[in-house]
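Each chain, written out:
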Number of protein chains: 2
Amino acid sequence: MAVILAIDCMGGDHGPTVTVPAALDFLRRDPDCSVILVGLQEVLLPLLGRAQAEFGARLRVAHASEMIEMDEPIASALRTKKDSSMRVAADLVKSGEAQAAVSAGNTAALMAISRFVLKTLPGIDRPAIASIVPTLNRYTYVLDLGANVDCQPEHLLQFAIMGAMLFSALEHKERPSVGLLNIGQEAIKGNEAVKRAGELLRSGGLNFYGNVEGDDIYKGTVDVVVCDGFVGNVALKASEGLAHMISAALREEFKRNLLTRLAALMALPVLNSFKRRFDPRRYNGGSLLGLKGVVVKSHGSADAFAFGYALERAAEAARNNLPERIAVRMAQLSGAAT
Amino acid sequence: MAVILAIDCMGGDHGPTVTVPAALDFLRRDPDCSVILVGLQEVLLPLLGRAQAEFGARLRVAHASEMIEMDEPIASALRTKKDSSMRVAADLVKSGEAQAAVSAGNTAALMAISRFVLKTLPGIDRPAIASIVPTLNRYTYVLDLGANVDCQPEHLLQFAIMGAMLFSALEHKERPSVGLLNIGQEAIKGNEAVKRAGELLRSGGLNFYGNVEGDDIYKGTVDVVVCDGFVGNVALKASEGLAHMISAALREEFKRNLLTRLAALMALPVLNSFKRRFDPRRYNGGSLLGLKGVVVKSHGSADAFAFGYALERAAEAARNNLPERIAVRMAQLSGAAT
């Protein structure tokens, strides 16, 4: 299916120097798709070179006179900057001119603007953000990472439904397995919200595996791991910290002396193949879920290679009607409940 | 100071085959210390060989006719097995015959028995378990890992005090820095309990650093990281899962073909030195905090080398009057509050 992406070209640490080349590469790879580059016209146009001739109507620029800063408070992003590139991208999805928006900008602002412009789907109390985490042989989707703290059991059930629909849209698996992040396998474990969420999930019509523990995230025990935004944030940041520590320590060990440097040289192809395999750039693209439209958040520090993955994920989610899938599932749930 | 340890020799995956040799090694290393080996006399005595002659009064056996199984429910551990090795070890601390108890058995049972026998210190609502996590250059103490879920802000403050006193007792640092695990640096971030805990901590008289995030655990930003038992469990288990995945993937990459196997051979000394550096056995020994006595929990799968670290930590905590330190600090706090 032809998909049109609205790309906030001004967001992220590198702005148009990353987003524009990534968009052009994307157009080359996905001949069905079109893009609308959103941002300061006078900045974007000179970067296009011969691309306009190359892609014709598949490449458009939508001017947006303002930019949301990375540390901009939500209130000012939402109320005073009505012509920000982020806002215009969301507006394009709202109006139907585009099927998905992608931004590497300020996460909180993107969530607030998307929620304000697109609104949440019926039955969804709080949009969530899902992230993709590598395992040995595949990957796990984890949500929420969208700062939804103090979640009620019903929110966790909604996250589970959104996560399962995201997995099925992006990975083409009809009934992905869903695990509830807890501190033990047994149903009696955990805090009150999680225990009651377990009950809801057991009767929620999903392919519910049961409780999973922190290590199951990287074991790939289930396709989707559900937790509140506090726990999800801490778990993934702790993992990130550990990964950095391991890589820094390995580097130190390999630099210890002449002999270890020689060993490093010998091991380089192996280490590089390891790095390629778990290259976080390939996991770039967090989905904002529960909105009446597809919105994907790229990591702020993404390079063009990484940003391309966020674009692919947005296109795939739109192509597979992610918001409709969630809406249908939510309607079935409320139908079953009444 | 001379310290007497009561060692539950029957607990853990390997029982006396690990605990007894570890205890004897400990006696050799720490000529000031004595041990009481607790368990089935008929099992323990034959394992001692010439040790009784070697250590004389420093080595005693206390018979205990029962054992707590690894999956034994707390109720039966507590009520029906009054002569379990775990219970007798705790009783020896209670009576003052020993200054610390160490067990590699069932964590929940150890916590329940220790709490029942030793009681909590004044002002402590819930005992906690602290674990030690490696960083690049040192380590971080993290608590709670003792399944205290749904924590109130006051509990987090108590954990902070207990963690700081543990760090100062074991690492000989007078005012260790304490961080509150959160999803952002700013004081306004986080769930309600954590936000209010931040306020308590700012006026709690500790060396409070402020909020830390998941990656700060492995960065070593602070000496002590405080969180509720749910978050702590998930964060450390997720890290554990990631570490396993990385090591399994590296092994795969190094086994790919003849060339990579050769590289592995060359890199072996480096990889081994890396493994030694982060050898989890050296971090063995979780402290049960907030009790009127020192209790240390060894990992169930610990070998004698790892179990020895748990023994050292128990002796060091007792030598430095950990329970008294916590009691004094709690008394100051309640004095300041009234």
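Small disclaimer: the values here were computed from a predicted structure and weren't measured.

Turning next to the overall build of chain A. Looking only at helices and strands, one finds 13 helices and eleven strands in chain A. Computed over its C-alpha atoms, the radius of gyration of chain A comes to 21 Å, within 12% of the 20 Å expected for a compact globule of 338 residues. Expressed as lengths along the three principal axes of its C-alpha atoms, the size of chain A is roughly 70 × 60 × 35 Å. Residue burial in chain A is summarised as follows: out of 338 residues, 54% are buried. A fraction of 73% describes how many contacts in chain A between residues 6 or more apart in sequence connect residues 24 or more apart.

All names here are of chain B. Reading across from one edge, 3-2-1-4-11-10-5-6-9-7-8 is the order of the eleven strands in this open sheet, with mixed pairing throughout. Both edges of this open sheet fall to strand 3 (59-63) and strand 8 (207-212), since each of them pairs with a single strand only. The sheet shows a mean angle of 25° between the axes of neighbouring strands, direction not considered. By the bridge criterion, four bridges tie strand 1 (residues 4-8) to strand 4 (residues 100-103) in an arrangement that is parallel. By the bridge assignment, Leu-5 is partnered in strand 4 with Ala-100. Of the strands in this sheet, strand 1, strand 2 (34-39) and strand 3 touch helix 1 (residues 16-29), which is tilted by about 170° from strand 2. Strand contacts of helix 8 (residues 192-202): strand 7 (177-181) and strand 8, with the helix running at about 165° to strand 7, the strand carrying the most contacts.

When the parts come together, some accessible area is lost, and that loss is often what is quoted as the size of the interface. Between chain A and chain B, the contact holds 46 residues from the first and 45 residues from the second. Within the residue set of the side of chain A that touches chain B, elements represented by two or more residues are helix 9 (216-219), helix 10 (229-254) and helix 11 (258-277) of chain A. When residues of the side of chain A that touches chain B are assigned to their parent elements, the largest contribution, 20 residues, is made by helix 10 of chain A. For the side of chain A that touches chain B, the residue count by class is 27 nonpolar, nine polar and ten charged.

A separate point is the domain arrangement of chain A. All names here are of chain A. Each assigned domain of chain A is listed with its residue range as follows: domain 1 (1-120 + 290-320) and domain 2 (125-283). Computed over C-alpha atoms, the centres of domain 1 and domain 2 are 26 Å apart. At the junction of the two partners, domain 1 supplies 15 residues and domain 2 supplies eleven residues. Mapped onto the side of domain 1 that touches domain 2, the elements with two or more residues apiece are helix 6 (107-118) and helix 12 (304-319). Looking at the side of domain 1 that touches domain 2 element by element, the count peaks at six residues for helix 12. Split by residue class, the side of domain 1 that touches domain 2 holds seven nonpolar, three polar and five charged.

The nonpolar side chains of a soluble globular protein tend to be buried with one another. Residues A:Leu5, A:Ala100, B:Leu5 and B:Ala100 are the most contacted members of the largest nonpolar core, which totals 223 residues. Filtering out sequence-adjacent residues up to four positions away, B:Ala100 remains in contact with B:Val3, B:Leu5, B:Val93, B:Val294, B:Val295, B:Val296, B:Ala314, B:Ala315, B:Ala317 and B:Ala318.

Superposing chain A onto chain B takes a rotation of 180° combined with a translation of 0.0 Å along the rotation axis, leaving an RMSD of 0.0 Å. One copy is carried onto the other by what is essentially a two-fold rotation axis. An overlap of 98% is found between the interface residues of chain A and their copies at the interface of chain B, pointing to a shared contact surface.

Right, let's talk about the pairing of strand 7 (residues 177-181) of chain A for a bit. Residue and element names in this part refer to chain A. Strand 7 sits mainly inside the fold: four of its five residues count as buried. Here strand 7 runs beside strand 8 (residues 207-212); their pairing, made up of five bridges, is parallel. Bridging across to strand 8, Leu-181 finds its partner in Val-212. Regarding the hand of the β-α-β motif, the stretch spanning strand 7, helix 8 (residues 192-202) and strand 8 is right-handed. Taken together, the three bridges between strand 7 and strand 9 (residues 224-226) define a ladder with parallel strand orientation. The partner of Leu-180 across the bridge, within strand 9, is Val-226.

On to the sheet that holds strand 6 (residues 139-143) of chain A. All names here are of chain A. Across the sheet, which stays open at both edges, the eleven strands sit in the order 3-2-1-4-11-10-5-6-9-7-8 with mixed pairing between neighbours. Two strands bound the open sheet, and with one partner strand each, they are strand 3 (59-63) and strand 8. Between one strand and the next, the sheet's axes are offset by a mean angle of 25°, whatever the strand orientation. Here three bridges tie strand 5 (residues 128-134) to strand 10 (residues 286-289), and the two strands are oriented antiparallel to one another. Bridging across to strand 10, Ala-130 finds its partner in Ser-287. The sheet contacts of helix 1 (residues 16-29) involve strand 1 (4-8), strand 2 (34-39) and strand 3, and relative to strand 2 the element is tilted by about 170°. Its contacts with the sheet place helix 12 against strand 1, strand 4 (100-103), strand 10 and strand 11 (294-297), and it is angled at close to 160° to strand 4.

Our focus in this paragraph is the environment of B:Ser114. Residue and element names in this part refer to chain B. Its place among the elements puts Ser-114 in helix 6 (residues 107-118). Overall, the presence of 28 C-beta atoms within 10 Å leaves Ser-114 in the buried class. Along the chain, Ser-114 and Asp-303 lie 189 residues apart, while their C-alpha atoms are 23 Å from each other. Excluding its chain neighbours within four sequence positions, the residues that come into contact with Ser-114 are Ala-90, Leu-288, Leu-291 and Val-295.

It is the contact of helix 11 of chain A with helix 11 (residues 258-277) of chain B, at a shortest axis distance of 8 Å, that shows an interaxial angle of 140°. Here helix 11 of chain A lies oblique to helix 11 of chain B, going by the angle between them. As for the relative orientation of helix 11 of chain A and helix 11 of chain B, their crossing is left-handed in sense. Residues A:Thr260, A:Ala263, A:Met266, A:Ala267 and A:Val270 of helix 11 of chain A form the contact with helix 11 of chain B, whose participating residues are B:Thr260, B:Ala263, B:Met266, B:Ala267 and B:Val270. A class-by-class count of the residues in the contact of helix 11 of chain A with helix 11 of chain B yields eight nonpolar, two polar and no charged.

Criteria and cut-off values
Residue numbers here run from 1 along each chain, matching the order of that chain's written sequence. Written order decides the labels, with chains lettered from A and ligands numbered from 1. For this predicted model, a pLDDT threshold of at least 70 governs which residues receive local features, and a threshold of 80 or more governs which side-chain atom pairs are given and counted, while totals over whole chains, interfaces and linings are taken from all residues. A run of H or I in DSSP counts as a helix once it spans at least four residues, and a run of E counts as a strand once it spans at least two, with each numbered from the N terminus. Throughout, the radius of gyration refers to the C-alpha atoms, and the reference size of a globule is 2.2 Å times the residue count to the power 0.38. Whether a residue is buried, exposed or partly exposed follows from its count of other C-beta atoms within 10 Å of its own C-beta, namely 20 or more, 12 or fewer, or something in between, respectively; the C-beta atoms are built from the backbone. Residues are defined as contacting one another if the C-beta atoms placed from their backbone atoms lie within 7 Å. Here, any two strands with at least 2 DSSP bridges between them count as paired. Axis definition: a line fitted to C-alpha atoms, over the contacting stretch in the case of helices. Angles run 0 to 180 degrees between N-to-C directions. Note on residue classes: Ala, Val, Leu, Ile, Met, Phe, Trp, Tyr, Cys and Pro are nonpolar, Asp, Glu, Lys and Arg are charged, and everything else, Gly too, is polar. Domain start and stop positions are those given by an automatic or database domain assignment. Put simply, a nonpolar core is a cluster of buried Ala, Val, Leu, Ile, Met, Phe, Trp, Tyr and Cys residues tied together by C-beta atoms within 7 Å. The copies are overlaid by a least-squares fit using only the C-alpha atoms of residues whose pLDDT is at least 70 in both copies. The crossover handedness rule: strands pointing away from the viewer, path from first strand over the helix to second strand clockwise, crossover right-handed. For classification purposes, an angle smaller than 35 degrees is called roughly parallel, one larger than 145 roughly antiparallel, one from 65 to 115 roughly perpendicular, and anything else oblique. The handedness criterion is simple: a crossing whose near helix is rotated anticlockwise from the far helix by less than a right angle is left-handed, and one whose near helix is rotated clockwise is right-handed.

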